[in-house]
Amino acid sequence: MKKEVRRAVIAGNWKMNMTPSEAKCAVERTAELTKGLDGCDVILCVPFVDIQTAVAASEGTSVMIGAQNVHFAEKGAFTGEVSAKMLLECGAKYVIIGHSERRQYFGETDETVNKRTKAALASGLKVILCLGEVLEQRQAGITSEIVSMQTKLDLAGVTADEMANVIIAYEPVWAIGTGLTATPDQAEEVCALIRETLADLYGEDVAEATTIQYGGSMNDGNAAELLSKTNVDGGLIGGASLVPEKFLKIVEAAQA
Ligand code: PGA
């Protein structure tokens, strides 16, 4: 299997932006602009409180809605957390897990990322699993070791069949929200390494079928070049996903 037959996926990560009424307008506008651009899947991962509004606004369009986190327990005394079942009932199809902001500010570790990933998959949610090195790790020349270790730890216990519902987002932490983008060659090198790690874990077929995104200051200006790389199958977009007209340009770049 080659890049041409892997599904390209452009996902927006709204982070903590957009109230429900703002979300309604932004989803409607995104759906209207991206209508007919079916060369890639389009997902918007929105704050929990926006999910139902976003799902309603996306009905009858090809835009799919996701969440930005999920707890691993089915239910119980976990104040402030949300379960996979709750997300599914609200209409979410995807969930971002392991975003660097969760790892950095909310104590997320590879262990909790792994637990959340397994619980989400077992419930029927599709997972966008984020991983990537911090600046000090890149400067120390240990990016490959870090990324390969995260891939293995975060996916521990996930089966080859379940991998059909996993997208991996390679997000170098130093490139997120900073305006610094990995060069297309840097993105390609690490996405290829993730694919090799998947091949070690699951075999070539699963590795070749898995969508691997790049994320970190991807925008309307740099998307085409990043997405032209063999192992970069899509993007996870923060800032630029908040402006439907900018997001459209990235979706257009993924049509080739
Ligand atoms: P950014 O965010 O595009 O604003 O850098 C990407 C992300 O955090 O997923």
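Up top you'll find the structure we're talking about.
Residues numbered from 1 in each chain as written. Predicted model: local features only at pLDDT ≥ 70, side-chain atom pairs only at ≥ 80, totals over all residues. Heavy atoms only, no water.

**Student:** Which parts of the structure should I look at to understand the overall build of the protein?
**Tutor:** When helices and strands are counted, the protein shows 11 helices and 8 strands. C-alpha atoms of the protein, sized along the principal axes, occupy 45 × 45 × 35 Å. Partitioning the contacts of the protein with sequence separation of at least 6, the portion at a separation of at least 24 is 73%. A total of about 11500 Å² of accessible surface is found on the protein, and carbon and sulfur atoms cover 53% of it. Taking the 23 positively charged and 35 negatively charged side chains of the protein as two groups, their mean positions are separated by 4 Å. (Helix = DSSP H or I, 4+ residues; strand = E, 2+ residues; numbered from the N terminus. Contact = heavy atoms within 4.5 Å. Areas by Shrake-Rupley, 256 points an atom, 1.4 Å probe, with all protein chains shown as cover. Lys, Arg positive; Asp, Glu negative; His and termini not counted. Charge placed at Lys NZ, Arg CZ, Asp CG, Glu CD.)

**Student:** I would appreciate a short explanation of the site of the ligand in the present structure.
**Tutor:** Inspection of the region around the ligand gives 13 residues, with Lys15, His99, Glu171, Gly177 and Ser217 positioned closest. Side-chain polar atom of His99 to an oxygen atom of the ligand: 2.6 Å apart, as the coordinates give it. Interatomic distance of 2.7 Å between a backbone N/O atom of Ser217 and an oxygen atom of the ligand. For the ligand, whose accessible area on its own is 280 Å², the fraction buried by protein is 95%. Of the residues belonging to the shell around the ligand, the class tally is 4 nonpolar, 7 polar and 2 charged. (Near = heavy atom within 4 Å. Polar contact = N/O pair within 3.5 Å; in protein donor to acceptor, adjacent residues only side chain to side chain. Nonpolar A, V, L, I, M, F, W, Y, C, P; charged D, E, K, R; others polar.)

**Student:** Just to check I follow, could you spell out the pairing of strand E7 (residues 212-215) for this structure?
**Tutor:** It is a general feature of regular strands that their side chains alternate between the two faces of the sheet. The alternating pattern of E7 places Ile212 and Tyr214 on one face and Gln213 and Gly215 on the opposite face, and all of these are buried. For E7 and strand E8 (residues 234-237), the ladder comprises 3 bridges, and the chain directions are parallel. The residue of E8 that forms the bridge with Gly215 is Leu236. (Buried < 20%, exposed > 50% of the residue type's maximum accessible area, 1.4 Å probe, protein only. Pairing = 2+ DSSP bridges.)

**Student:** Honestly, the packing of helix H5 (residues 110-123) against helix H7 (residues 143-154) in this entry has me stumped. Any pointers?
**Tutor:** The relative placement of two packed helices is expressed as an angle between their axes plus a distance between the axes. At a minimum axis distance of 8 Å, the contact between H5 and H7 shows a crossing angle of 45°. Classified by the angle their axes make, H5 and H7 are oblique. Counted together, Asp110, Val113, Asn114 and Thr117 of H5 and Gln150, Leu153 and Asp154 of H7 form the full contact between these two elements. When the residues that make up the contact of H5 with H7 are grouped by side-chain class, the tally is 2 nonpolar, 3 polar and 2 charged. (Axes fitted to C-alpha atoms, helices over the stretch in contact; angles between N-to-C directions. Parallel < 35°, antiparallel > 145°, perpendicular 65-115°, else oblique.)

**Student:** Which parts of the structure should I look at to understand helix H11 (residues 244-253)?
**Tutor:** Of the positions making up H11, those classed as buried are Pro244, Phe247, Leu248, Ile250 and Val251. Projection of H11 onto a plane perpendicular to its axis shows the buried side chains occupying an angular sector of 165°, all on one side. Its buried side turned inward, H11 meets strand E1 (8-13), helix H1 (20-34), strand E2 (40-45), helix H10 (223-227) and E8. (Arc of directions from axis to C-beta.)

**Student:** How do you make sense of the pairing of E2 when you look at a structure like this?
**Tutor:** Counting buried positions over the 6 residues of E2 gives 6, a clear majority of the element. Burial of the side chains of E2 extends over both faces: Cys40, Val42 and Leu44 are buried on one face and Asp41, Ile43 and Cys45 on the other. Inspection of the sheet shows E1 paired to E2 by 6 bridges, in the parallel sense. Following the sheet pairing, Ala8 is matched in E2 by Cys40. Crossover connection from E1 via H1 to parallel E2: handedness right-handed. Across 4 bridges, E2 lies against strand E3 (residues 63-67) in parallel orientation. Residue pairing in the sheet places Val42 in a bridge with Val63 of E3. (Right-handed = clockwise from strand over helix to strand, strands pointing away.)

**Student:** Help me out: how do you make sense of H5 in this one?
**Tutor:** The periodicity of an α-helix, 3.6 residues per turn, causes residues three or four positions apart to be oriented the same way. Between its first and last C-alpha atoms H5 spans 20 Å; for 14 residues at 1.5 Å apiece the expected length is 20 Å, and the two agree. Burial in H5 covers these residues: Asp110, Thr112, Val113, Asn114, Arg116, Thr117, Ala119, Ala120 and Leu121. The inward-facing, buried residues of H5 abut helix H3 (84-90), strand E4 (94-97), helix H4 (100-105), strand E5 (126-131), H7 and strand E6 (166-170). The positive-phi residue at the C-terminal boundary of H5 is Gly124, with phi of around 105°. (Expected span 1.5 Å × (residues − 1).)

**Student:** Help me understand a negative patch on the surface, please; the structure alone is not making it clear to me.
**Tutor:** Together, Glu196, Asp200, Glu204 and Asp205 make up a negatively charged patch on the protein surface. Going through the elements one at a time, helix H8 (184-202) and helix H9 (204-209) are the ones with two or more residues in the negative patch. Inspection of the secondary structure assignment puts Asp200 in helix H8. Taking relative accessible area as the criterion, Asp200 reaches 64% and is therefore assigned exposed. (Patch = residues over 30% accessible without salt bridge, like charges linked within 9 Å, V, L, I, M, F, W, Y side chains within 5 Å. Salt bridge = Lys/Arg side-chain N within 4 Å of Asp/Glu carboxyl O.)

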